[in-house]
Amino acid sequence: MSLKTAIRETYDGFKSLITGMRITAREAAKPTITVQYPHETLPMPDRFRGHVKLILDPATGQAKCNACGLCVRACPSNSLEVDGAKREGEKRKSVSKYELDFTTCSLCGCCVEACPSDAIEYSKEYNVVSRDRDDFAKMDIYKRLQAESEEWKKTHPTPPAPPAEAAPAATPTPATPVAATSSPAAAPVVAPAATPAKPATSAPVPAPAAASPAAPEQKPT
Amino acid sequence: MIAEKGLITSGHASDGTHETFTLNLGPQHPAAHGVLRVLMTMDGEWIQRAEPIIGYIHRMHEKMGENRSWAKFLPNTSRIDYLSAMNYTHAYVGAVERALKIEVPERAEYARVITSELNRISSHMVWWGALLLDLGGFTPILYAFDDREKILDLLEGLCGARLTYCYYRFGGLYNDVDDAFLKGTRDFVAHMKPRLTMYRELVTDNIILRKRLTDIGPISADMCRRYGATGPVIRGAGVAYDVRTVEPYSVYPKLKFKIPTYPQADSMARYLVRMDEMEQSLSIIEQALDLIPAGPFMAPKVPRVIKPPAGDYCYAVEAARGRFMVRIVSDGKEIPYRVKLRAPSFSNLSLYEEASKGMILPDALAMMGSLDLVIPDIDR
Amino acid sequence: MIDFLNLEPVRILLYLVAICAFVGANAAYLVLAERKGAGRIQRRPGPNEAGPAGILQPLADGIKLLAKQVMVPPGTDALLFRAAPLMVMAPPLMCLATIPFGDSIVAVNLNIGLLFVFSFGSINVMALMLGGWASRNKYAIISAARVVSQSVAYEIPMLLVVITMLMVTGTLDLSEVVKQQAGWFWHWNLFKVWVNPLMPVTFVIFFTCMLAETNRAPFDMAEAESELVAGAFTEYGGMGFGVFFMAEYANIVVGCCLATILFLGGWQSPIGALSGGLWGPVWFLGKMYALIFTVIWIRWTFPRTQFYSLLNLSWKILIPVSLGTLLLTGAMMKLMPFVFPSLH
Amino acid sequence: MNPTLEQLTAQFAALVAERASVSLPVVGGALCPDGTASSVESGRRSGFTPDTSGVNPDLPKPSPVQSVAHALKGYDLNATVAPDQVVAAAQLLDRAGFGLDAVTGVDWMAQNEMEVVYDYFHPTASLRVVVRTRVPRATPELPTISPVFPGANWHERETHDFFGIRFSGHPNMKPFLLPEDADFHPLRKDYAP
């Protein structure tokens, strides 16, 4: 290596170092790009795949799901457990138990795709936390629906309600930017529900399974 | 420079009189991305033998494939190489489509190309950041993640997941590409071009990086062939082997792109190949955005229950790390008889023992970084 | 009362306490500055949870480190293992005693200050070597070996530069060196190109050597975390590690103080005026922290050098060039003796 | 410079013809070494229906060496050789400039056989070659090709882990992906976790 190339290389090398420092200085002058997570959160996109949830039929205030079990069969990791029962005065079966094993769920979305009656969708909840494993191993989706159903009943005192009036209650609105609150003792703690119209659903109470109305032939999980 | 290094290296490693010791690098080590263990026999800082030991996160995806239906295996394909999940799903979906002789609508194919290439860029960004982290540069990974976040946001808006997309379906897509995605992708391409210039000025031209990668870890074309190393590793050895052109799939034949190759066969060549590939991917995305037709996103006649006719079918794609091939063997039933996943990182790592012989420890780690390993891909 | 304060032992004691406090506060807040600076460069806020804008973060870190058990791995030389953190902390404290922060703010104004600083600065490597060796860890011992060869390689150009400066200034007394640079900033040694046209190059060499001597990126071979986990500090936890960490920053402070004194006019004002009294420490600390900021800036911009490039840089570039500047300065002294204050 | 499909087909035909005396019936491109069972019978036994979909119709009948339409199968040449010919096949492909893609197995439990599949790719020619062989399930053993293709070292170890197929002459037949004390072979069809 001749002296000339050595000097050339040293000069080019030194220049590249200065260029690098200029770039980092330029970047340092720009505003920060991070989201201060617990203090601020981002809205979830419309197609966000959270855990599965049952859809409330705006006409009846009950689940649309008729416990056909196709989602159970579509699930690659056998995370779902669904049971149905016939209610009085109804011809078809309706769901009486909908349990998700969130510890094995891979959020692939096969269940939602498989549903023939569009009775399940993805929730926008993503920061689901709990201290109790059972809150995930036996995540009671039906319980959440019942809570929604109670809300629905409050706004619809006299069933059957006209569908037009009930529509807004169930239309999934885009998720709004929400602050991740520390819902005190309730577990699983979830971010406030995507639909602002239903504040009470944000923290479902981990009630015993007996609260579900009719599930005499529940299989052991 | 190379003779100099060679002199130091051979002078020590070939001399049998030196006392050696065993250095156990991993399975938890900052330079091993994930749980990779390398058992090194060292002579001072010189490596006499480095044996990668793998299997720490082996999940037996291939067995999982044999006890669930064809469609239920789809989510698994995103979890092999979590950094280029789209490409991997593409290979599996392609194999089943090949068996079922499903004609995928053009819109879906273009959408697959766009998402696959986006995924390739995001994967290369992680590699770029991680390599620089291996070399002791901390800042680039955060710049890369800033830009990568934009890709993840786009893909999340499209299919609802950020990493394990599971977006392709037999015969099409999980849902249609919307205008917001197409526009967002256009914006991203425009945003990314000056950023790549910045990457080059900050890192690629940097004298320290050049000194650390040039002439380090030569992997010749013949060695790639004997070990089955593909992707940027073989292209960095000057061979223009790219599944997208050698075994054209999807709509790649309709798109114009260059296969970047560098003949030096060293770590810098592999580095430059990936940097150029990002540019090429941007150009592919731009073309695909212009060409994407309107129309259905699912093939009209996809059977509800997938039962491919008996036989074996292969489908290879160019994933971010090289050739990923799925070989499915069907016996005509609802459940695969055998799913073989040919992972590129597996072959790319298998040459490490030969290639790292006589290297100094930091160089060996720089070379490992230039191989772009994803450990779940190796272990499957 | 005044007499009491003027007693030499009391004065020394007060300075000792002040220096310890200065080193402690610097180490604590330079860590924060480092993290904040890294955050800025990487476009994130850095630590911002402990206290307003994260200013209590060093306190939290300190409490965490203090509360941790000091582990001595089995089979190590326990005495040396424990002694290494003490040995690494002592030299920078000693060095700071001779650094003039202002016109009269100096603990001990030695007339051989420069010699004193460099002799103690060289001990530093012993501590790292012992720490690495006593850890009984393969990574640590590789690191210890690296540290020694790196330190030896960079001591030479650094001392050659210092000899050059000695020829220019003609004194080992640090206060005297500063006094020679009074006036506008072109009186600083850095800009005295009529004394030696290669003076800025000399400064760059000094700065590079300082980075290497203090094991800072891009020369942080001792703690090459992607290769050697944490190098010589791998087995240290709790405050043992904390002391190594503090010593690193204390060394940077000493190095930047020296660079300030030798090249940037110490406590002299750059504009000729505003140099008396309390302005001295202000200018001094301003220059010093600007240098420290550059050190941080460099760390978060570049990748780490390869070990033999590091040695090549020293033996093939820095040593010849610094020898060149030494010879050039000698020649200039013969040719133009009137510009050298040491010859007056 | 690049090999053509015709050349390779001829070379493989010659290779297979060496064993013309033990020429065996073929099922769906795969060999049935017991020789007694007709292809239809063995197909029925395993529930495996012969597949000739990808076979080039120009060729008269399914033979151990078939050229296959890439668009249908994903490979161009499908060659079935005897177990002790895999090294010769590997050498043949090595001379032609092929690279080793993968080695894997398939457990045909109903036929009481193990199939070992070697995938080869060519770095410059658009050619993919699949070499297959079958070994009895009770004593699955065949020679290693790792001296020819060092990359086979890991693939064969993996195949040994998953199927229990032994590769004689392999330099390092230690457990690989499975735990060191694993005494099971998970991809065998009779393995139940």
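Thresholds, definitions, all that
- Residues numbered from 1 in each chain as written.
- Chains lettered and ligands numbered in written order.
- Predicted model: local features only at pLDDT ≥ 70, side-chain atom pairs only at ≥ 80, totals over all residues.
- Heavy atoms only, no water.
- Helix = DSSP H or I, 4+ residues; strand = E, 2+ residues; numbered from the N terminus.
- Buried < 20%, exposed > 50% of the residue type's maximum accessible area, 1.4 Å probe, protein only.
- Pairing = 2+ DSSP bridges.
- Axes fitted to C-alpha atoms, helices over the stretch in contact; angles between N-to-C directions.
- Contact = heavy atoms within 4.5 Å.
- Salt bridge = Lys/Arg side-chain N within 4 Å of Asp/Glu carboxyl O.
- Polar contact = N/O pair within 3.5 Å; in protein donor to acceptor, adjacent residues only side chain to side chain.
- Nonpolar A, V, L, I, M, F, W, Y, C, P; charged D, E, K, R; others polar.
- Domains from an automatic or database assignment.
- Buried area = accessible area lost by both parts, 1.4 Å probe.
- Core = buried A, V, L, I, M, F, W, Y, C linked by side-chain atoms within 4.5 Å.
- Arc of directions from axis to C-beta.
- Phe/Tyr/Trp six-rings, centres within 6.5 Å; stacked < 30°, edge-to-face > 60°.

Draft legend 1. Representation of unusual backbone geometry within the structure. The backbone phi angle of A:Asn78 is positive, close to 50 degrees, even though this residue is not glycine. For A:Asn78, the position within the fold is in the loop between α2 (70–74) and β2 (80–86). Its relative accessible area of 60% is what places A:Asn78 among the exposed residues. We note that B:Cys166 has phi near 55 degrees; this positive angle belongs to a residue other than glycine. By relative accessible area, B:Cys166 is classed as buried at 1%.

Draft legend 2. Fine view of the pairing of strand β6 (residues 311–319) of chain B. All names here are of chain B. Summarising burial for β6: nine of the nine residues are buried, a large majority. Side chains of β6 alternate between two faces, with Gly311, Tyr313, Tyr315, Val317 and Ala319 and Asp312, Cys314, Ala316 and Glu318 buried alike. Where β6 meets strand β7 (residues 322–330), nine bridges bridge the pair, whose relative direction is antiparallel. Bridge pairing links Ala316 to Met325 in β7. Taking the residues that link successive antiparallel strands as the turn, the β6-β7 hairpin has two residues.

Draft legend 3. Local environment of the sheet that holds strand β8 (residues 338–342) of chain B. Residue and element names in this part refer to chain B. Judged by pairing direction, the sheet is antiparallel, and its three strands sit side by side in the order β6-β7-β8 without closing on themselves. At either end of the open sheet lies a strand with only one pairing partner, and these are β6 and β8. Taken over all neighbouring pairs, the strand axes of this sheet differ in orientation by 15 degrees on average, direction set aside. Here β7 runs beside β8; their pairing, made up of five bridges, is antiparallel. Opposite Arg327, over in β8, you have Lys340 as the bridge partner.

Draft legend 4. Spotlight on the interface of chain D and chain B. Residue-level contacts link 55 residues of chain D with 44 residues of chain B. Along the contact surface separating chain D from chain B lie 10 salt bridges. Ionic pairing is found between B:Glu66 and D:Lys189, a salt bridge with its closest N-O pair at 3.1 Å. One can count 22 residue pairs in polar contact (both at pLDDT 80 or more) joining chain D with chain B. Among the elements of the structure, α3 (70–73), β5 (99–108), β6 (113–121), β7 (128–136) and α5 (152–163) of chain D are those that each provide at least two residues to the side of chain D that touches chain B. Grouping the constituent residues of the side of chain D that touches chain B by class yields 27 nonpolar, 15 polar and 13 charged.

Draft legend 5. Here's a closer look at the side chain of C:Asn26. By secondary structure assignment, the location of C:Asn26 is in helix α2 (residues 8–41). Those residues in contact with C:Asn26 that sit more than four places away from it in its chain are C:Val31, C:Val253 and C:Tyr289.

Draft legend 6. Inspection of the domain arrangement of chain B at higher detail. Residue and element names in this part refer to chain B. Each domain of chain B was delimited in the assignment, giving domain 1 (2–53) and domain 2 (61–216 + 239–260 + 267–378). Placing the centre of domain 1 and that of domain 2 at their C-alpha centroids yields a distance of 31 Å. Contact with domain 1, which involves 23 residues of that partner, is made by 21 residues of domain 2. Taken together, domain 1 and domain 2 are joined by one salt bridge. The salt bridge partner of Arg49 is Glu353, with a shortest N-O separation of 3.0 Å. Among the secondary structure elements, those contributing two or more residues to the side of domain 1 that touches domain 2 are α1 (2–13), β1 (21–25), β2 (37–43) and β3 (46–53). Broken down by element, the residue count for the side of domain 1 that touches domain 2 peaks at seven residues, all from β3. The residue inventory of the side of domain 1 that touches domain 2, partitioned by class, reads 15 nonpolar, four polar and four charged.

Draft legend 7. Molecular detail of the sheet that holds β5(D). Residue and element names in this part refer to chain D. Reading across from one edge, β3-β4-β7-β6-β5 is the order of the five strands in this open sheet, with mixed pairing throughout. The sheet terminates laterally at β3 (65–67) and β5, the two strands that pair on one side only. Averaged over neighbouring strand pairs, the angle between their axes works out to 15 degrees when direction is ignored. With nine bridges joining them, β6 and β7 adopt antiparallel strand pairing. Paired with Val117 across the strands is Arg132, a residue of β7. Against the sheet, α5 engages β5 and β6, with an angle of about 10 degrees to β5.

Draft legend 8. Summary view of the interface of chain C and chain A. Contacts between the two partners involve 15 residues from chain C and, on the opposite side, 17 residues from chain A. Contact with chain A buries area across many residues of chain C, yet C:Arg40, C:Arg43 and C:Trp297 alone supply 46% of it, more than any other trio. Our enumeration of links across chain C and chain A arrives at one salt bridge. Between A:Glu27 and C:Arg43 there is a salt bridge, with its nearest N and O atoms 3.6 Å apart.

Draft legend 9. A look at the nonpolar core. Formed by 303 residues in total, the largest nonpolar core has its most connected members in A:Tyr98, B:Tyr271, D:Phe12 and D:Tyr120. When we break this core down by domain, the ones giving at least three residues each are domain 1 (2–53) and domain 2 (61–216 + 239–260 + 267–378) of chain B. Leave out the neighbours within four places in its chain, and D:Tyr120 touches D:Ala90, D:Leu93, D:Phe98, D:Gly99, D:Leu100, D:Asp101, D:Leu127, D:Arg128, D:Val129, D:Val131, D:Ile145 and D:Phe149.

Draft legend 10. Representation of helix α4 (residues 86–95) of chain D within the structure. Residue and element names in this part refer to chain D. Among the residues making up α4, those that are buried are Val86, Ala89, Ala90, Leu92 and Leu93. Around the axis of α4, the buried residues are gathered within 160 degrees of arc, so they sit on the same side. Where α4 ends, the next residue or the one after it, Gly97, has phi of about 90 degrees, a positive value.

Draft legend 11. Representation of the packing of aromatic side chains. Under the criterion given, the structure shown has 32 aromatic pairs over all chains. Summarising the aromatic geometry, the rings of B:Tyr249 and B:Tyr315 are spaced 6.0 Å apart at their centres and angled 70 degrees between planes, so their arrangement reads as edge-to-face. Within this pair, whereas B:Tyr249 is found in the loop between α11 (243–246) and α12 (267–291), its partner B:Tyr315 is found in strand β6, the two being separated by 66 residues in sequence. Assigned by exposure class, B:Tyr249 and B:Tyr315 land together as buried. Ring geometry for C:Phe203 versus C:Phe263: centroids 5.2 Å apart, planes at 65 degrees, classification edge-to-face. Here C:Phe203, found in helix α8 (residues 199–213), pairs with C:Phe263, found in helix α10 (residues 238–263); they are 60 residues apart in sequence, far enough to count as distant. Accessibility expressed as a relative area gives 14% for C:Phe203, which makes it buried.

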